[in-house]
Amino acid sequence: MTDNTNSDDEFQDAVGPEIAQREATSARLTEEDVDDIINHQSQLRLNDEEGFEAAGGDAVPQEPDGELTLEQLRDLEKSLTPEELAVKKEQANKLKLEGNELFKNDDATGAIRVYTEALNICPSDSVKERSVLFGNRAAAKMKLEAKKSAIDDCTKAIELWPEYLRVLLRRAKLYEQDDKPDEALTDYKKVSEIDPGQREAQEAQIRLPPIINERNEKLKTEMMSSLKDLGNMILRPFGLSTQNFQMQQDPNTGSYSINFNQKPS
């Protein structure tokens, strides 16, 4: 893999160790670890409607997973000093590590809860740290087969950190699993822009275009069949059908012309 100035390795997430602590494998996960975990199907399912309550017990409007909206988080930060924000950031980092351990120990639901708690205190301007938390939560949701929700978290992570290679690749795989090859191909291309040597992205750019073309041809055939049926229904009262009209494509421009034939063969 090529060297990237903004490599996500400097921010530990659930699928890779920090560069400075690669040897501390007992407390860290590698990408191979998470692949094995995700491939091991879990019977648990994520309840996206579960929310958290405010400290006073009153319900607070929140995102589906229970995290505060960005506006709510910023409102809470207005009363905090820089020192207090630094403490919140450190607390969020500790929660992230706790979530990583839960994920490693096959407790995806617990990991999602802890990552969400971290998001609720991680300062709004700590964009890469928040991006990693969203990316980690997406990995936990993948394990629970909550694909659409995982895609949403990947998107949030990428919006904060557009060159987050690991999560771009994660979202590309999710799009492909969700039968969205166009979106998957776009993400794989972005991965290749960041890391031209990324093999999965290279292979996907060979594999997906024929699948997309085949899908488009099938859709075009179905659309033409539907239009023909509609046309026949409209023309029938006049004693005509779509066979009375011949469509010819200009090989030079690609445009079509329609000719009327009174007595079709």
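Throughout this document, residue positions are counted from 1 along each chain, in the order its sequence is written. Only residues with pLDDT of at least 70 are given local features in this predicted model, and only at 80 or more are side-chain atom pairs given and counted; all residues enter the totals for whole chains, interfaces and linings. Calculated side-chain values reflect all of the structure's heavy atoms, with hydrogen atoms and water omitted.

Visitor: It is not clear to me how the overall build of the chain should be interpreted in this structure. Could you clarify?
Guide: Every helix listed is a DSSP run of H or I at least four residues long, and every strand listed is a run of E at least two residues long, numbered separately from the N terminus. When helices and strands are tallied, the chain shows 9 helices and 2 strands. Ordered by position from the N terminus, the helices and strands of the chain form the series α-α-α-α-α-α-α-α-α-β-β. For the exposure calls, accessible area comes from a 1.4 Å probe over protein chains only, and a residue counts as buried if that area is under 20% of its type's maximum, exposed if over 50%, partly exposed in between. Evaluated residue by residue, the chain yields a buried proportion of 37% over its 265 residues. Counted over contacts in the chain with a minimum sequence separation of 6, partners at least 24 positions apart contribute 52%. Of the roughly 15,800 Å² of accessible surface on the chain, a fraction of 51% belongs to carbon and sulfur atoms. Throughout, a residue-residue contact means that at least one pair of heavy atoms, one from each residue, lies within 4.5 Å. All accessibility values rest on the Shrake-Rupley procedure with a 1.4 Å probe; residue burial counts only the protein chains present in the view.

Visitor: I tried to follow the packing of aromatic side chains on my own but got confused; where do I start?
Guide: Two descriptors summarise a pair of aromatic rings, namely the distance from one centre to the other and the angle between the planes of the rings. Stacked, edge-to-face and tilted labels apply to pairs of Phe, Tyr and Trp rings (six-membered ring for Trp) whose centres lie within 6.5 Å, assigned for plane angles under 30 degrees, over 60, and everything in between, in that order. In total, this model carries 1 aromatic pair according to the counting rule given. Relative to tyrosine 164, the ring of tryptophan 161 has its centre 4.6 Å away and its plane inclined at 25 degrees; by these criteria the two rings are stacked. Take tryptophan 161 and tyrosine 164: they sit in the same class, and that class is buried.

Visitor: Even after reading the chapter, I still don't get unusual backbone geometry, so can you show me in this structure?
Guide: For residues other than glycine, phi is negative in most cases, and the peptide bonds are mostly trans. With phi around 70 degrees, aspartate 106 is a residue other than glycine that occupies positive phi space. Along the chain, aspartate 106 turns up in the loop between helix H3 (82–104) and helix H4 (108–119). The phi dihedral of aspartate 179 falls on the positive side, at around 60 degrees, and the residue is not glycine. Mapping aspartate 179 onto the fold places it in the loop between helix H7 (165–177) and helix H8 (181–194).

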